[in-house]
Structures are given as structure tokens and as C-alpha cells.
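Survey of secondary and tertiary structure
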Amino acid sequence: MALKSLVALIMCAFMGLVSVSAKEFHLKNDSHIGFRIKKMGFMNVKGHFKQFSGTLNLESPHNIKSLQGEIVIDSVFSDSKKRDKHLLEADYFNASVNPKGIFVMTSYEINSTEERLYRGTMRANLTLNGVEKNIAFDYSLDISDETMPKLTLESKLNIKDFGMKGSGMHSDEAMIEIETLWEE
């Protein structure tokens, strides 16, 4: 009986019915890890991080086995040297104490599919300013090119939840906007 099971498993693997291993992808440099926050209630201030890394493991073209990423906080860029310096201080990211931000997917759910594009909700542990919170993100995974998947994530968060004091001129609510490209 064990021999028949082994033969069946080998046949399934040969026919592609059983995934033998996951494909590992690495975050490309031309990805965008950004944020947007309101200033004085009406003007959008945008920023992004210039240094980041990450890995994405897919068991099948759309089955995400794992996703994790890291940003270097002092690589923040908002097109204002004065603002960037302020973002690194204790009332925001406190970069001297917390030099990295970390993202680790905990779960995801596919809500809709259309030809090689999958959309849904992803939950991830996000660590900023030394505080870890589980956050829900809207996501889309485009696998039109299976050798270079595209993953987009968006969420809103309150900076106070991450121990940031902020500023009276800026909203406490920030939009997280992540547009990533991956390569093997």
C-alpha cells in the first residue's frame, strides 16, 4: 500500500499537481514604499523610503506562502530636508533608537480575481518606532509576468498607535502606499 501512495505522489508531482517548493522573489530597487499625510487639513505631504529589502515566497503563482520586508528609517525622503530631519526625531520615527521598520505578513484573503490579478485583504505585523501592530492592507497581486510579480498594498493608520507624537500642523492619519516589483 505504501508503494502505491509513493507512486501516486511521484505521478502528481510530475504532472504539476503537487507543489514541490515555493519560488522566492526579492524586492526590486525600483519599488515604492511610501506614505501620504495631510498638512493643515487640505495639503498632501508625500514621502517614501529609499532603502528597503524584502522577500516574497509564492507556492503557486497566486498563493503567497510568506512576505516580509524592512525599511531603513533614515532613508526617508519627503522633498524637504528640514521635514526629513524632523521625521527622524523622537516625536516621529525616533531613528536613533529604532533604525528600521519591519513588515511581516500574517494572513491574506483573496476577494476577487480577474485574469492573473488577485485582490483582497492582507494582514501584517508592522513595526514602526519600536511598536508592533497588526494592520489590514488592501492588496493586489499581478502575476501577468510570473518571473516578476507586482504587489500593491494600501492602508490607513494612526501614527499615535505607533507612539508618534506628530505635529499640530499634520493629521495623525497616514496613508501607506506600497508598490512593489519582485524578481527571482
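So, here is what we can say about the structure in this document.

Criteria and thresholds
Residues numbered from 1 in each chain as written. Predicted model: local features only at pLDDT ≥ 70, side-chain atom pairs only at ≥ 80, totals over all residues. Heavy atoms only, no water. Helix = DSSP H or I, 4+ residues; strand = E, 2+ residues; numbered from the N terminus. Buried < 20%, exposed > 50% of the residue type's maximum accessible area, 1.4 Å probe, protein only. Contact = heavy atoms within 4.5 Å. Areas by Shrake-Rupley, 256 points an atom, 1.4 Å probe, with all protein chains shown as cover. Salt bridge = Lys/Arg side-chain N within 4 Å of Asp/Glu carboxyl O. Polar contact = N/O pair within 3.5 Å; in protein donor to acceptor, adjacent residues only side chain to side chain.

**A look at the overall build of the protein chain**
Along the protein chain, the regular secondary structure elements total 2 helices and 11 strands. When the helices and strands of the protein chain are placed in sequence order, the string is α-β-β-β-β-β-β-α-β-β-β-β-β. The 184 residues of the protein chain split such that 38% are buried. Summarising the internal contacts of the protein chain: among those between residues at least 6 apart in sequence, 56% fall at separations of at least 24. Working note: accessible area of the protein chain is about 10,900 Å², and carbon and sulfur atoms make up 53% of it.

**Things to note about the environment of Lys133**
Looking at the element boundaries, Lys133 is found in strand β9 (residues 131–142). Overall, Lys133 belongs to the partly exposed group, its relative accessible area being 35%. Distance in space between the C-alpha atoms of Lys133 and Leu157 is 9.9 Å, their sequence separation being 24 residues. In this view, Lys133 contacts Ala124, Asn125, Leu126, Asp161 and Phe162; residues no more than four positions away in its chain are not counted.

**Concerning unusual backbone geometry**
Phi is positive for Asp79, which is not a glycine, with a value near 70 degrees. The exposure class assigned to Asp79 is exposed, which follows from its relative accessible area of 65%. Even without being glycine, Arg116 reaches a positive phi, approximately 65 degrees. Summarising the element assignment, Arg116 is placed in the loop between β7 (100–114) and β8 (117–128).

**Comments concerning the pattern of salt bridges**
Inspection of the entire model under this criterion finds 5 salt bridges. Note that Glu146 is salt-bridged to Arg116, the shortest N-O span being 2.2 Å. One end of the pair, Glu146, is in the loop between β9 and β10 (150–158); the other, Arg116, is in the loop between β7 and β8, and 30 residues separate them in sequence. Among the residues examined, Glu146 registers a relative accessible area of 34% and is labelled partly exposed. Its salt-bridge partner being Lys160, residue Asp172 comes within 4.0 Å of it at the nearest N-O pair. Here Lys160 lies in the loop between β10 and β11 (170–183) and Asp172 lies in strand β11, a separation of 12 residues in the sequence. Judged by relative accessible area, Lys160 falls into the partly exposed class, the value being 42%.

**Examining the side chain of Ser31**
Here Ser31 lies in the loop between β1 (23–27) and β2 (32–39). Look at Ser31 and you get buried, because its relative accessible area is 10%. Separated by 3.0 Å, the side chain of Ser31 and the backbone oxygen of Lys28 make a polar contact. Polar contacts involving the side chain of Ser31 include one to the main-chain amide nitrogen of Leu181, which spans 2.9 Å.

**Here's the deal with the environment of Asp142**
Looking at where Asp142 falls in the secondary structure, it is placed in strand β9. Sequence separation of Asp142 and Pro61 is 81 residues, and the distance between their C-alpha atoms is 9.4 Å. In this structure Asp142 touches Arg116, Leu117, Pro149 and Lys150, once residues within four positions along its chain are discounted. One polar contact links Asp142 to Ser144, side chain to side chain, over a distance of 2.6 Å.

Structural measurements only, silent on function.
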